[in-house]
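Chain by chain, the residues run as shown.
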Amino acid sequence: MGVNSNLWIDPSFKIGNVEIRWYAICILIGVIIAVVMGVKEGKKLGIPSDIVYTGVIITVPIALIGTRLWYVLFNLGDGWTLKKILGLDGSGLSGLAIQGGIISALITVYIYCRVRKIPLYAIFDIVAPGFLIGQVCGRWGNFCNHELYGPIINNPSTITWFPWLAQNMYINGAYRHPTFLYESIFNLIGFIIILVLRRKFKKLQSGDLIGFYLVWYGIVRIFTESLRSNSGAEEVLMLGGIHISILVSILFIVIGIAFLILKRFYGPKRYYQDIIKEVAENKFDTILFDLDGTILDSKNLIFSSFVHTFEVHRPGYQLTDEELNSFFGPTLQQSFSRYSNDQNEIDEMIKTYREFNISNHDDMVKPIFGAKPLIKTLHKKGYMLGVVSSKKTDLVIHGLEIIDVKDYMNIIIGCDEVKNPKPAPDGILLAIKELESKNALYVGDTKNDIIAGKNANIKTCGCLFSLEPDKIIDESPDFTIKKLDDILKICVE
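Here the structure is a predicted model, which is why all the values come from computation and not from measurement.

Attention now moves to the overall build of the chain. When helices and strands are tallied, the chain shows 21 helices and 14 strands. Computed over its C-alpha atoms, the radius of gyration of the chain comes to 31 Å, more than 25% above the 23 Å expected for a compact globule of 493 residues. Along the first, second and third principal axes, the C-alpha set of the chain runs to 105 × 50 × 40 Å. Every one of the 493 residues in the chain was classed for burial, and the buried ones make up 50%. Partitioning the contacts of the chain with sequence separation of at least 6, the portion at a separation of at least 24 is 71%. Within the structure as shown, the chain displays about 24,200 Å² of accessible surface, and the carbon and sulfur contribution to it stands at 60%. The positive charge centre, built from 50 side chains, and the negative charge centre, built from 50, are 10 Å apart in the chain.

Below, the structure is given as structure tokens:
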């Protein structure tokens, strides 16, 4: 039986003078579906979408390179040149091996997580179903190329029920087993199993899905590769008399099983559904910040203002480093009350401090590293933002204008707007009330900030880049960060 040209699929088509291959489109569709689903599940696991998108941008090109080099590695006798490897000799990138892409992708993901300090198991749980759905779609690219087929079908009637499939599997004068279809279907089944496991199986641990993937895909590939090895096609990867794809599949199964067993003895034991529940409980709608030392680097200004004030009112008195550090957090009234019982003198000291502070403010303050891009990102993601400070409101506003983030703030509250300053919760409670927030996080760099947040009965985040990180830790904040943009790892979109 010949090929019906009406049912035959050409491997490529043209738009103008540009040739587009169906194989590339199928891969692209798989990547898009995997990314969309990864971002959606990542939010449930507490992984910001930026982390997923950046990971995809890094990993996909490396994986594609891996697929090509893996094929080249086991076809060294084909006279490879750099031009031919890159597909610039007119042959295109004919010759890709998916297992090389999987290996290079997993290595890249591991390095990416370690460098960015992202939970590796959580990313694995996102990657595993993405691999499967990507392969489900990608195998249809093999169908369009009329490749990845098996031996001759002894009973053609089993395939002629599906004319479109049959005509495109009529290769070299005979109907062939559509191994691309077998692999696509079995991977789809594995994908569905993963979807069920992560919602229904309460004993599923974080990271288990990548182990399941390695075992499942290894078994599926051994089956399909065994058929391909009897097809007579030259595309089967061999090393001597060894079928490389089968050997690697066996290694995948062994590694997957070993991983699932060993992680239960040595790895962090966190159940998948517990993580989703925990993340949902920590889904903040509002992020409130302290100002000085948290998003505004005003240390030099504050130190200089206190030194100047003491030179005027306590000439000869030398402030120690410990005293200077202690001025961060409390109000000026609280700070100067430690040195005088005379309210009139305290008022004069406050006046002197503010005059010097205001006159030198713009030249001596700068944003904390990463503050502006973080605030812009949080605003873009839809969080309500605010500042609750021990400074007067006009000075807070001016500071925010200097670092160009004022317009991103939904509310700004200074000490003059509340009766009791921090560590009292008045300012935070006022912000929550005005914003009608249901779940807020307060970020600060002093122990008073953490105490104030706790007094307001909301979760707190302590900045360990502060002057006294030990005192912050002593107050047991719900979260701690070593750099400001680590907040993105805490927040859930």
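Read on, since the account is not over.
Another point: the pattern of salt bridges. Pairs may arise between side chains of opposite charge once their charged atoms sit close together. Inspection of every chain in the model, using the stated rule, returns 17 salt bridges. A salt bridge links Arg264 to Asp208; its shortest N-O distance comes to 2.5 Å. One end of the pair, Arg264, is in helix α10 (residues 244-266); the other, Asp208, is in helix α9 (residues 208-228), and 56 residues separate them in sequence. By relative accessible area, Arg264 is classed as partly exposed at 30%. Relative accessible area serves as the criterion here: at 5%, Asp208 is assigned to the buried category. If you follow the salt bridges from partner to partner, you end up with Glu41, Arg198 and Arg199 in one network.

The next point concerns α9. Spanning 21 residues, α9 covers 30 Å between terminal C-alpha atoms, matching the ideal 30 Å at 1.5 Å per step. α9 sits mainly inside the fold: 16 of its 21 residues count as buried.

Burial along strand β7 (residues 286-289) is two-sided: the residues Thr286 and Leu288 and Ile287 and Phe289 are all buried. Pairing between β7 and strand β10 (residues 384-388): four bridges, direction parallel. Across the sheet, residue Ile287 finds its bridge partner in β10, namely Leu385. Alignment of β7 against strand β12 (residues 440-444), held across four bridges, turns out to be parallel. Across the sheet, the residue bridging to Leu288 is Tyr442, located in β12.

To continue, consider the side chain of Ser206. Checked against the element boundaries, Ser206 lands in the loop between α8 (179-200) and α9. Among the polar contacts made by the side chain of Ser206, one reaches the side chain of Asp125 at a distance of 3.4 Å. With near-sequence residues (within four places) excluded, Ser206 lies in contact with Tyr121, Ala122, Asp125, Lys263, Arg270, Tyr272 and Ile275.

Our focus in this paragraph is the packing of aromatic side chains. Applying the stated criterion across every chain yields a total of 24 aromatic pairs. Judged by centre distance (6.4 Å) and plane angle (40°), the rings of Tyr217 and Phe252 are tilted. Of this pair, Tyr217 sits in helix α9 while Phe252 sits in helix α10, and the two are 35 residues apart along the sequence. Residue Phe252 is classed as buried on the basis of its relative accessible area, which comes to 6%. Ring geometry for Tyr317 against Tyr339: centres 6.0 Å apart, planes inclined by 80°, an arrangement best described as edge-to-face. Here Tyr317 is found in the loop between α12 (299-313) and α13 (321-326), whereas its partner Tyr339 is found in the loop between α14 (332-336) and α15 (343-364), with 22 residues between them in sequence. Tyr317 sits in the partly exposed class, given a relative accessible area of 36%.

Time to look at the sheet that holds β10. One open sheet accounts for six strands, arranged β11-β10-β7-β12-β13-β14; its pairing is parallel. In this open sheet, the two strands that pair with only one neighbour each are β11 (411-413) and β14 (479-481). For this sheet, the mean inter-axis angle between neighbouring strands, taken without regard to orientation, is 20°. Contacts from helix α18 (residues 426-435) reach β7, β10, β11 and β12, with the element oriented near 155° to β11.

The subject of this paragraph is the environment of Leu385. Note that Leu385 resides in strand β10. Classification of Leu385 by relative accessible area gives buried; the value is 0%. The sequence separation of Leu385 and Gln167 amounts to 218 residues, and the corresponding C-alpha distance is 61 Å. Among residues more than four places away in sequence, those in contact with Leu385 are Ile287, Phe289, Ile375, Leu378, His379, Tyr408, Met409, Asn410 and Ile411.

Soluble, globular proteins show a tendency: their nonpolar side chains are buried together. Ranked by internal contacts, the top residues of the largest apolar core, which has 50 residues, are Ile47, Ile123, Phe131, Ile210 and Tyr213. Every element with two or more residues in this core is listed here: α1 (22-44), α2 (49-73), α4 (98-116), α5 (120-144), α8, α9, α10 and α11 (272-281). Here the element with the most residues in this core is α5; it accounts for twelve residues. In this structure, Ile210 is in contact with Leu106, Phe124, Ala128, Phe131 and Phe259, ignoring residues within four places of it in sequence.

That bond from Lys422 to Pro423 is cis: its omega, 20°, falls within 30 degrees of zero. Structurally, Pro423 is set in the loop between β11 and α18. For Asn457, which is not a glycine, the phi torsion comes out positive at approximately 65°. Since its relative accessible area comes to 71%, Asn457 is described here as exposed. A positive phi angle is found at Ser476, which is not glycine, with a value near 55°.

On the surface, a cluster of negative charge is contributed by Asp342, Asp347, Glu348 and Glu355. Given the relative accessible area of 42%, Glu348 is considered partly exposed.

To continue, consider α2. Between its first and last C-alpha, α2 extends 35 Å over 25 residues, near the 36 Å set by a 1.5 Å rise per residue. Turning to α2, its buried residues are Ser49, Ile51, Val52, Gly55, Thr59, Ala63, Gly66, Thr67, Arg68, Trp70, Tyr71 and Val72. Residues of α2 that are buried in the fold lie against α1, α3 (82-85), α4, α5 and α10.

Conventions used here
- Residues numbered from 1 in each chain as written.
- Predicted model: local features only at pLDDT ≥ 70, side-chain atom pairs only at ≥ 80, totals over all residues.
- Heavy atoms only, no water.
- Helix = DSSP H or I, 4+ residues; strand = E, 2+ residues; numbered from the N terminus.
- Rg over C-alpha atoms; globule rule 2.2 N^0.38 Å.
- Buried < 20%, exposed > 50% of the residue type's maximum accessible area, 1.4 Å probe, protein only.
- Contact = heavy atoms within 4.5 Å.
- Areas by Shrake-Rupley, 256 points an atom, 1.4 Å probe, with all protein chains shown as cover.
- Lys, Arg positive; Asp, Glu negative; His and termini not counted.
- Charge placed at Lys NZ, Arg CZ, Asp CG, Glu CD.
- Salt bridge = Lys/Arg side-chain N within 4 Å of Asp/Glu carboxyl O.
- Expected span 1.5 Å × (residues − 1).
- Pairing = 2+ DSSP bridges.
- Polar contact = N/O pair within 3.5 Å; in protein donor to acceptor, adjacent residues only side chain to side chain.
- Phe/Tyr/Trp six-rings, centres within 6.5 Å; stacked < 30°, edge-to-face > 60°.
- Axes fitted to C-alpha atoms, helices over the stretch in contact; angles between N-to-C directions.
- Core = buried A, V, L, I, M, F, W, Y, C linked by side-chain atoms within 4.5 Å.
- Patch = residues over 30% accessible without salt bridge, like charges linked within 9 Å, V, L, I, M, F, W, Y side chains within 5 Å.

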